[in-house]
Amino acid sequence: MRGRVLNTANEVLVQFFLVVRPLTVNMKNNQPVSNRSKKLDRGVNILSTTDRDGVISYVNSDFVAASEFDRSELIGEHHNVVRHPDMPSLAFKMFWEALQHHQPWKGIIKNRCKGGDHYWVDAYVTPIIINDEMVAAQSVRVPPDVEDVKRAEAVYQRINSGRTPSFLKRPRDAAPR
């Protein structure tokens, strides 16, 4: 599976969950949330860099504008400062597992704005490898397609309620369609 380009949102979601193993993850529960969605303009290109532990070292102006945090409130903080509580911890478990295995990760993410609103992004994160060690990660996020958000939201709601979506119940070694 490694190195294979996934062409559809369902393929991305299936690949994302195929290698799930039990893990306890302490996730930050950022509050309050308003349930108001903030739509990002099509030209937005959110960039950030973190160290190997997820501590932010760089954000661009689109990140600052989307998140509504000041740059000074982001630099030096863990990237989960923008984590929306609707995001399943499983998503971030898979995210970090991919990076630690020197693999990029792609997925639809719901982030929380400073004031409680939220915005969705189509994220692509690449580990920065030096001397065969992940030393940082670079994240590029753009506005997602509406249909991808609907699919991701449905999958995340099912996961958060303890129900595994049927398309994720295939054997781990099965290839995505």
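The sections below set out a description of the structure shown in this document. (Residues numbered from 1 in each chain as written. Predicted model: local features only at pLDDT ≥ 70, side-chain atom pairs only at ≥ 80, totals over all residues. Heavy atoms only, no water.)

## So, the overall build of the protein chain
Phase 1 of the analysis: Within the protein chain, the regular secondary structure consists of five helices and five strands.
Phase 2 of the analysis: Taking all 177 residues of the protein chain together, the buried fraction comes to 42%.
Phase 3 of the analysis: Contacts in the protein chain between residues far apart in sequence, at least 24 positions, make up 59% of those at least 6 positions apart.
Phase 4 of the analysis: As displayed, the protein chain has an accessible area near 9,600 Å², and 50% of this comes from carbon and sulfur atoms. (Helix = DSSP H or I, 4+ residues; strand = E, 2+ residues; numbered from the N terminus. Buried < 20%, exposed > 50% of the residue type's maximum accessible area, 1.4 Å probe, protein only. Contact = heavy atoms within 4.5 Å. Areas by Shrake-Rupley, 256 points an atom, 1.4 Å probe, with all protein chains shown as cover.)

## Focus: the nonpolar core
Phase 1 of the analysis: Core analysis: the biggest nonpolar cluster contains 34 residues, and I46, L74 and Y119 have the highest contact counts within it.
Phase 2 of the analysis: Residue assignment for this core shows that the elements contributing at least two residues are β2 (56–59), α2 (61–67), α4 (89–100), β3 (105–112), β4 (118–130), β5 (133–142) and α5 (146–160).
Phase 3 of the analysis: Filtering out sequence-adjacent residues up to four positions away, I46 remains in contact with L40, N60, D62, F63, A66, Y119, V121, S139, V140 and R141. (Core = buried A, V, L, I, M, F, W, Y, C linked by side-chain atoms within 4.5 Å.)

## Quick notes on the pattern of salt bridges
Phase 1 of the analysis: This model, assessed by the stated rule, comprises 10 salt bridges.
Phase 2 of the analysis: A salt bridge links K106 to D122; the nearest nitrogen and oxygen atoms lie 2.5 Å apart. Taken together, the positions of K106 in strand β3 and D122 in strand β4 put the pair 16 residues apart, joining distant regions of the chain. (Salt bridge = Lys/Arg side-chain N within 4 Å of Asp/Glu carboxyl O.)

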